[in-house]
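Read off the chains here:
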There are 2 protein chains.
Amino acid sequence: MTSMNLLNEISIRYPEAVSFAAGRPAEQFFELDAVHRHLDRYLDHLRTERGLTEEAARRQVLQYGRTKGIIHELIATHLATDEGIEVPAESIVVTVGCQEAMFLVLRALRRGPEDLVLAVSPTYVGLTGAALLADLPVRAVADGPDGVDLADLRRQLAAARAEGLRPRALYLVPDVANPSGASLPLELRRELLALASEEDFLLLEDNPYCVFAGEERLPSLKALDTDRRVVHLGSFAKTALPGARVGYVVADQLVADGQGGTGLFADLLGMIKSMTTVNTSPIAQAVIGGALLEHGHSLRAANTEVAALYRRNLALVLEGLARRFPPGCGVTWNEPRGGFFLVLTVPCVVDDALLERSASEYGVIWTPMSHFYPGTGGEHQLRLSVSQVDPATVDRGLDGLAALLAAQS
Amino acid sequence: MTSMNLLNEISIRYPEAVSFAAGRPAEQFFELDAVHRHLDRYLDHLRTERGLTEEAARRQVLQYGRTKGIIHELIATHLATDEGIEVPAESIVVTVGCQEAMFLVLRALRRGPEDLVLAVSPTYVGLTGAALLADLPVRAVADGPDGVDLADLRRQLAAARAEGLRPRALYLVPDVANPSGASLPLELRRELLALASEEDFLLLEDNPYCVFAGEERLPSLKALDTDRRVVHLGSFAKTALPGARVGYVVADQLVADGQGGTGLFADLLGMIKSMTTVNTSPIAQAVIGGALLEHGHSLRAANTEVAALYRRNLALVLEGLARRFPPGCGVTWNEPRGGFFLVLTVPCVVDDALLERSASEYGVIWTPMSHFYPGTGGEHQLRLSVSQVDPATVDRGLDGLAALLAAQS
């Protein structure tokens, strides 16, 4: 989170610099009218398709409401439509963005001091923050070239257990990850699921860029999950509206309900949510519900234009890099299937001081990859984000980057 | 929170029973159109009074935003207008309801295993839940006839310190408390503030019913606070719209900023919020912001009609009790200045079994006061809520209650 503050602060101090730092979605398609339209659409749905009286519809959107949310059924249909994920709506908890979902899950998994969570490293800073808040230690698992290094995962599991610790779950972003841009190949997904069953831990699958993961989308871990090993975390911030702050978690695992029986993990998360935020604003949920209804529950359909924009941006940056850094020059990068991010590996040390110099002298902002490692790592890497790239300034930005790197050698 | 679940469940099983259990605000004045109108009003404010471009206004409401919120200045003006509280807007954190505010504060106060929070008992269940989530032990302080028993508070402080523990704060609702309905007299407020300075602890003042605290409102603790001893917790759930899920905390204390300097407690809470929910939905904040603007920042002005409704309901219930339970009959109750709640003291033991019988055989629902005590307490008391009382059924409900109590003697 300190990382985000530093980047915000540098962006404010150098407003003229070209930024490849923002993880925020593009704003070109933001519409204020859509908020009104989606709200009305959702209310129509309550009246006509759900048969609520005017009074009941009004109460659903304006009064205190169900802790686990009111658009869980729409989300279940969306997941079936776009992701091939078939889960009961009751296993979904609607949350205040994916951040709350991560906190609820990690807080639930921390039962004692022996619990810990593993995270594919580099790791999204929101996960690290939620774990800190939940007092749950995080241990890094190497990502390797394919997104997760299974041999290292096995080593970390064994090492933790040898210390008397209990690795409860592995957090990862299997599709066009933040920050690495990596996507797990299909076979590796299956192996990971098998390992999770064999070694008895959960997979926390974070899926914020789902519909931007390339033309030929691989099935999510949850879509492949036959053993309820996957807790699936979702967000509408990138696919609908960040300003709604609506995310969700799919938690169809069976857990002890504290009264001698078993219940859905989602219900336990709901109990923790009642102590955190009580319920997610039903007005905000209605806005997202209306967006889902407008597009037949498909965020893929809703995001055709913006997905094309991100693809164009990614292609522009990749082409720009190829023109400036020929093979053998010591600068390399990955070529993600889609998403918001790619990673540059460079000969010099990449730290906050270099970022400061980059912004002030070379007019370009990016994110040091070291920000995304719980321990050490990424010292020669930087993250470029393409989500808010302006084609008119991308060349100026990459020229600045090339000049900065040339000056370090 | 189990208490709320039990009450919800009983309400569902006995829909015909007259309920004095709901802590929810009245719904008579809920307006769907108001959501649209407030949203538009807030956007107008951004464009005209704040001078934002159309693009910047759109970004403020639809994009990710400031962690501490976007309507902090409107809230500061509201607090000055309605409450005589003068605080810098920077000391306000806008939260996902008051529940998140309580969690952020308690999580910040819990630095080690020696920390604890005191709470005037009976205590709002949301506080107990937030403390459980934050791993911060709660110890009860007796309320006494005036809302807080200072002698018991001194005893609890001394006892905790003798055990090597660190009482960080005292939580209380000084005006028409939930659940007791009690209000602290002015002189006691001053004594409490002096004690907080003398004994070096914070006062967590929860103020959800502020504008319903009677015609002659006493100054809040924060309005009397000259030593930054009071952390003031607020909610718009009862005074504007529960469905927005917007609350806030005023935290103008100076604390170590972790980098050798000092900063506002509000900034520390903002950092914790960035790990909990990132930011409160700016769409939901805009709805509340518009409501504040529509009524010249005054929730007192906005709530004239509904405040009259609550006063009428309270009077109806008090009159109904007086008719049914003459002096000396063994049933007594308090007469709150306003608010949602009053407490009945009865000869029999009041527990969940009695509530179940009351709902099934006598057609009336209420809340056992024992739900609001962290330890033991309230075994002969029940809470009646008047916020959703229907004048047409209040007599039937009180008849049921009288018959239930008669059958126990």
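Residues numbered from 1 in each chain as written. Chains lettered and ligands numbered in written order. Predicted model: local features only at pLDDT ≥ 70, side-chain atom pairs only at ≥ 80, totals over all residues. Heavy atoms only, no water.

## Things to note about the interface of chain B and chain A
Short version of the rule: When checking whether two residues touch, look at their non-hydrogen atoms; a contact exists if any pair is within 4.5 Å. We define a salt bridge as a contact between a side-chain nitrogen of Lys or Arg and a carboxyl oxygen of Asp or Glu at a distance within 4 Å. Here a polar contact is recorded for every N or O atom pair within 3.5 Å, except that within protein the pair must consist of a potential hydrogen donor and a potential acceptor, and residues adjacent in sequence are included only if both atoms are side-chain atoms. Counting from the N terminus, the helices are the DSSP runs of H or I reaching at least four residues and the strands are the DSSP runs of E reaching at least two. Put simply, Ala, Val, Leu, Ile, Met, Phe, Trp, Tyr, Cys and Pro go in the nonpolar bin, Asp, Glu, Lys and Arg in the charged bin, and everything else, Gly too, in the polar bin.
Counting from both sides, the interface comprises 52 residues of chain B and, opposite them, 52 residues of chain A. Summed over the shared surface of chain B and chain A, the number is six salt bridges. With a closest N to O distance of 2.8 Å, B:Glu27 and A:Arg59 form a salt bridge. At the junction of chain B and chain A, the tally comes to 34 residue pairs in polar contact (both at pLDDT 80 or more). If you list the elements that add at least two residues to the side of chain B that touches chain A, you get helix 2 (32–48), helix 3 (54–62), helix 5 (97–109), helix 6 (125–133), helix 10 (265–276) and helix 11 (282–294) of chain B. Ranked by the residues each element gives to the side of chain B that touches chain A, the list is headed by helix 2 of chain B, at seven residues. Along the lines of polarity and charge, the residues of the side of chain B that touches chain A split into 26 nonpolar, 12 polar and 14 charged.

## Observations regarding the relation of the copies chain B and chain A
Cut-off, in case you're wondering: Least-squares superposition aligns the copies on the C-alpha atoms of those residues with pLDDT at or above 70 in both.
For the pair chain B and chain A, the best superposition has an RMSD of 0.0 Å and corresponds to a rotation of 180 degrees with a translation of 0.0 Å parallel to the axis. Put plainly, the chains are arranged around a two-fold axis. Looking at the interface residues of chain B, 100% of them are also at the interface in chain A, so both copies use one shared face.

## Points about unusual backbone geometry
What you tend to see is this: most non-glycine residues have negative phi, and most peptide bonds are trans. With omega at 10 degrees, the peptide bond leading from A:Asn178 into A:Pro179 counts as cis. Its place among the elements puts A:Pro179 in the loop between strand 5 (166–172) and helix 8 (186–199). Residues B:Ser121 and B:Pro122 are joined by a peptide bond in cis, for which omega reads 10 degrees. Tracing the backbone through its elements, the reader meets B:Pro122 in the loop between strand 3 (115–121) and helix 6.

## Thoughts on the pattern of salt bridges
So the rule is basically this: For each residue, the accessible area found with a 1.4 Å probe, counting protein chains only, is set against the maximum for its type, and the residue is called buried under 20%, exposed over 50%, and partly exposed in between.
As enumerated under the stated definition, the model contains 66 salt bridges over all chains in all. Notably, a salt bridge pairs B:Asp115 with B:Arg168, separated by 3.8 Å at the nearest N-O pair. Residue B:Asp115 is located in strand 3, and its partner B:Arg168 is located in strand 5 (residues 166–172); the two are separated by 53 residues in the primary sequence. B:Asp115 sits in the buried class, given a relative accessible area of 1%. Under the relative-accessibility criterion, B:Arg168 is labelled buried at 16%. Residue B:Arg324 pairs with B:Asp395 through a salt bridge whose shortest N-O separation is 2.8 Å. In this pair, B:Arg324 is assigned in helix 13 (residues 304–324) and B:Asp395 in helix 15 (residues 394–408), connecting sequence segments 71 residues apart. Put simply, A:Arg107, A:Arg110, A:Asp135, B:Arg107, B:Arg110 and B:Asp135 are held in one network by salt bridges that share partners.

## Thoughts on helix 13 (residues 304–324) of chain A
Residues and elements named next belong to chain A. Stated precisely, the cut-off is as follows: To estimate how far a helix should reach, multiply one less than its number of residues by 1.5 Å. By definition, the arc is the one covered by directions from the helix axis to the C-beta atoms.
With 21 residues, helix 13 should reach 30 Å at 1.5 Å per residue; the first-to-last C-alpha distance of 31 Å fits that figure. Of all the positions in helix 13, only Val 306, Ala 307, Leu 309, Tyr 310, Asn 313, Leu 314, Val 317, Leu 318, Gly 320, Leu 321 and Arg 324 are classed as buried. For helix 13, the angular spread of the buried residues around the axis is 165 degrees, confining them to a single face. Opposite the buried face of helix 13, at more than 90 degrees from it, the exposed residues are Thr 304, Glu 305 and Arg 323. Tucked inside the fold, the buried residues of helix 13 contact strand 11 (332–333), strand 12 (341–345), strand 15 (381–385) and helix 15 (394–408).

## Let's talk about helix 15 of chain A
Residue and element names in this part refer to chain A. The end-to-end C-alpha separation of helix 15 is 21 Å, in line with the 21 Å expected for 15 residues at 1.5 Å each. Buried within helix 15 we find Val 394, Gly 397, Leu 398, Gly 400, Leu 401, Leu 404 and Leu 405. Within helix 15, the buried residues cover an arc of 155 degrees as seen down the axis, which keeps them to one side. Contacts from the buried residues of helix 15 go to strand 1 (18–19), helix 13, strand 12, helix 14 (352–362), strand 13 (364–365) and strand 15.

## Description of the pairing of strand 7 (residues 230–235) of chain B
All names here are of chain B. For clarity, the threshold we go by: A pair of strands is considered paired only if DSSP assigns at least 2 bridges between the two.
Burial analysis of strand 7 places six of its six residues in the buried class, which makes it a mostly covered element. Burial along strand 7 is two-sided: the residues Val 230, His 232 and Gly 234 and Val 231, Leu 233 and Ser 235 are all buried. With four bridges connecting them, strand 6 (residues 202–206) and strand 7 associate as parallel partners. In the strand pairing of strand 7, Glu 205 is matched with His 232.

## Here we look at the state of the cysteines
A covalent bond between the sulfur atoms of two cysteines is referred to as a disulfide. All names here are of chain B. Put simply, the test is: For this text, the term disulfide refers to a pair of cysteine sulfurs within 2.5 Å.
A full pass over the atoms with the stated rule returns zero disulfides over all chains. Cysteine Cys 210 shares no disulfide, and the gap to the nearest cysteine sulfur, in Cys 98, comes to 11 Å. Of all cysteine sulfurs, the one in Cys 348 lies closest to Cys 329, which takes part in no disulfide; the gap is 12 Å. For Cys 329, a relative accessible area of 33% translates into the label partly exposed.

## Quick look at the sheet that holds strand 11 (residues 332–333) of chain B
Read across the sheet, four strands follow the order 11-12-15-14 (chain B) without closing on themselves; strand pairing throughout is antiparallel. Looking at the sheet topology across the chains shown, the edges are occupied by strand 11 and strand 14 (367–368) of chain B.

## Details of the domain arrangement of chain A
One widely used convention gives an interface's size as the accessible area the parts lose upon coming together. All names here are of chain A. Rules: Domain start and end points were adopted from an automatic or database domain assignment. Accessible-area loss on putting two parts together, using a 1.4 Å probe and summing over both, is the definition of buried area adopted here.
Taken domain by domain, chain A holds domain 1 (2–23 + 303–408) and domain 2 (34–301). Computed from C-alpha coordinates alone, the two centres of domain 1 and domain 2 are separated by 28 Å. Counting residues at the interface gives 22 residues for domain 1 and 26 residues for domain 2. A combined buried area of about 2000 Å² lies between domain 1 and domain 2, and 58% of that area is made up of carbon and sulfur atoms. If you sort the residues of domain 1 by the area they bury against domain 2, Asn 303, Arg 337 and Phe 372 come out on top, with a joint share of 35%. Linking domain 1 to domain 2 there are zero salt bridges. Remark: the boundary between domain 1 and domain 2 carries 11 residue pairs in polar contact (both at pLDDT 80 or more). Within the residue set of the side of domain 1 that touches domain 2, elements represented by two or more residues are helix 13 and strand 12. The dominant element in the side of domain 1 that touches domain 2, judged by the number of residues it contributes, is helix 13, at five residues.

## Description of the sheet that holds strand 4 (residues 138–142) of chain B
All names here are of chain B. As a reminder, the rule being used: Note on geometry: axes are lines fitted to C-alpha atoms, helical ones only across the stretch in contact, with angles between N-to-C directions running from 0 to 180 degrees.
If you walk across this open sheet you meet the seven strands as 2-8-7-6-5-3-4, and the pairing is mixed. Taken across any chain shown, the strands that pair with only one partner, and hence form the sheet edges, are strand 2 (92–95) and strand 4. Adjacent strand axes in the sheet meet at a mean angle of 25 degrees when their direction is disregarded. Here strand 5 pairs with strand 6 via four bridges, running parallel. What sits directly across from Tyr 171, in strand 6, is Leu 204. Relative to the sheet, helix 5 contacts strand 2, strand 3, strand 5, strand 6, strand 7 and strand 8 (247–250), its axis offset from that of strand 7 by approximately 155 degrees. Those strands touched by helix 7 (residues 150–162) are strand 3, strand 4 and strand 5, and its axis lies near 150 degrees from that of strand 4.

## Here's the deal with the pairing of strand 8 (residues 247–250) of chain A
Residues and elements named next belong to chain A. Side-chain alternation along strand 8 places Gly 247 and Val 249 on one buried face and Tyr 248 and Val 250 on a second face that is also buried. The pairing of strand 2 (residues 92–95) with strand 8 spans four bridges and is classified as antiparallel. Paired with Thr 95 across the strands is Gly 247, a residue of strand 8. With four bridges joining them, strand 7 (residues 230–235) and strand 8 adopt antiparallel strand pairing. Across the sheet, Leu 233 pairs through a bridge with Val 249, a residue of strand 8.

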